[in-house]
Amino acid sequence: MTSVKTTVQAFWLFFPAAALYAALAVPLSVSAVASGRGWPPGLLAAGHGHELIFGFALALVAGYTLSPQTRARVLALLALWLAARLSWLLAPDSWYAEVLSPAFALVLAWYVVPRFSAAKKWRNKTAAPLILTICLLAPAFWLASTLNYRGGPFAPDPYQLMQTAILGLLLLMTFIGGRLIAPAVAGTLEKKGIPLTARVQPRVEAALIILLGATIVLSLAVVPDWLTGLPLLMVAGLILVRIVRWKIWHCPERPDLLMLATGYGWLAAGSAITAWHLLAGKPAAPALHLITVGALGTLSTGVMLRLAWQRAYRRFPPTWQALAVGLLTSAAAITRYLAGSTPFAEPALLWSSAGLWSLAYLIVAGQLIMLWLHGTRGRK
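Trainee: Could you clarify how one ought to interpret the packing of helix α1 (residues 11–34) against helix α2 (residues 47–65) in this entry?
Mentor: How two helices sit against one another is set out by the angle between their axes and by the gap between those axes. Interhelical geometry of α1 versus α2 gives an angle of 165° and a closest axis separation of 8 Å. By the angle between their directions, the pair α1 and α2 is classed as roughly antiparallel. With respect to the hand of their crossing, α1 and α2 are arranged in left-handed fashion. Between α1 and α2, the contacting residues are F11, F14, F15, A18, Y21, A22 and S29 on the first element and H48, E51, F56, A59, L60, A62, G63 and Y64 on the second. Taken together, the residues of the contact of α1 with α2 sort by class into 11 nonpolar, 3 polar and 1 charged.

Trainee: Would you take a moment to explain the packing of aromatic side chains for this structure?
Mentor: Think of a pair of aromatic rings as described by two things: how far the centres are apart, and how the planes are tilted against each other in angle. Evaluated as defined, the whole model comprises 12 aromatic pairs. Pairing W88 with F141 gives two aromatic rings, centres 6.0 Å apart and planes at 55°, and the pair type is tilted. In this pair, W88 sits in helix α3 (residues 71–90) while F141 sits in helix α5 (residues 127–150), placing the two residues 53 residues apart along the sequence. Across the pair, F141 and W88 agree in class, each one buried. Chaining the aromatic ring pairs together yields one cluster made of F11, W12 and F15. Its end group placed over the ring of F116, R115 keeps NZ or CZ at 5.9 Å from the ring centre. One Lys or Arg, R254, reaches over the ring of F316 and ends 3.5 Å from the middle of that ring.

Trainee: Any chance you could explain helix α4 (residues 95–116) here in plain terms?
Mentor: Since the α-helix packs 3.6 residues into each turn, any two residues three or four apart lie on the same face. Over its 22 residues, α4 runs 32 Å from end to end, which matches the ideal 32 Å to within 8%, given 1.5 Å per residue. Where α4 is concerned, the buried positions are A97, S101, P102, F104, A105, L108, A109, V112 and V113.

Rules behind the numbers
- Residues numbered from 1 in each chain as written.
- Predicted model: local features only at pLDDT ≥ 70, side-chain atom pairs only at ≥ 80, totals over all residues.
- Heavy atoms only, no water.
- Axes fitted to C-alpha atoms, helices over the stretch in contact; angles between N-to-C directions.
- Helix = DSSP H or I, 4+ residues; strand = E, 2+ residues; numbered from the N terminus.
- Parallel < 35°, antiparallel > 145°, perpendicular 65-115°, else oblique.
- Left-handed = near helix turned anticlockwise from the far one by under 90°.
- Contact = heavy atoms within 4.5 Å.
- Nonpolar A, V, L, I, M, F, W, Y, C, P; charged D, E, K, R; others polar.
- Phe/Tyr/Trp six-rings, centres within 6.5 Å; stacked < 30°, edge-to-face > 60°.
- Buried < 20%, exposed > 50% of the residue type's maximum accessible area, 1.4 Å probe, protein only.
- Lys NZ or Arg CZ within 6 Å of the ring centre and 35° of its normal.
- Expected span 1.5 Å × (residues − 1).

Any link to function would need more than the numbers given here.
Written as structure tokens, this is what we have:
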């Protein structure tokens, strides 16, 4: 049996790594396109989406879902993640980049998926196949890129796989975010004597899982865009219903919860505007950034700060941190959407969005490192 002294919480390593990578990769991706230098090559074309999902987002999944592991195992996983990121950034067409990036995703699935497979209710079992699907999209992206490069007749579109992966993240954030926010709000309201009967809202959650599952399948199928847009529009409405029933306005003294609720609201906004783009026959890329920048940015920073502060000081993040980071990620999402689609995006807005995003994650990375050092001193 593994001794408690030899184990480490994975988030103390993966969260700062993910935050620093997010702060670095986004401005580098804008520079790679806007400057015309094409460096780093791994962030050109669909590469920046690849790194947002299979680099940054999977690091978040690792930090949040891995149970306490041996120090050697966590360090080995982190080393594999770092090697995958560096190889992809600098030489995305090399054999080692094509091996290391899918390898990290598959190893992560090996450790994480079994943890969610023992659930009894079908809704609780959703996380396991969903995380597995997102991890499997990493080797699928490599295969699609290879087949497209060689001109295969049945080559899938890497951009289509990116859209599918983003919809998978949308479902994962909708599921995990609801399970995190509902009990936290309920506990806060109970202390005020305000009953909250609508917590997880199982019927709403079930409908969201079914609708988003259908959207993921439709995004991979050869169907008109409006067929994918219709369930996304219904998803947006259900997410808004869920937020309103949480009565989050009764928690003004909990900026950490308001920040998470804002991120959850970005899920609704991103779904609705993406649906509008698909229904109107417009490019979906700008709207999808409302999900990746707005929702993922706000929820991930909120979760990282909240978990780290609770473990280090047994309290919630300071008000200034929650407000500053939440406003920065939200502003980054709005400016990125207004920038439009590449290669016709507005450069000034792209740089503004990248700067706001990077500043938010640099703040989070600095706080995580400070809190980790505090926890380290406390264990001595």
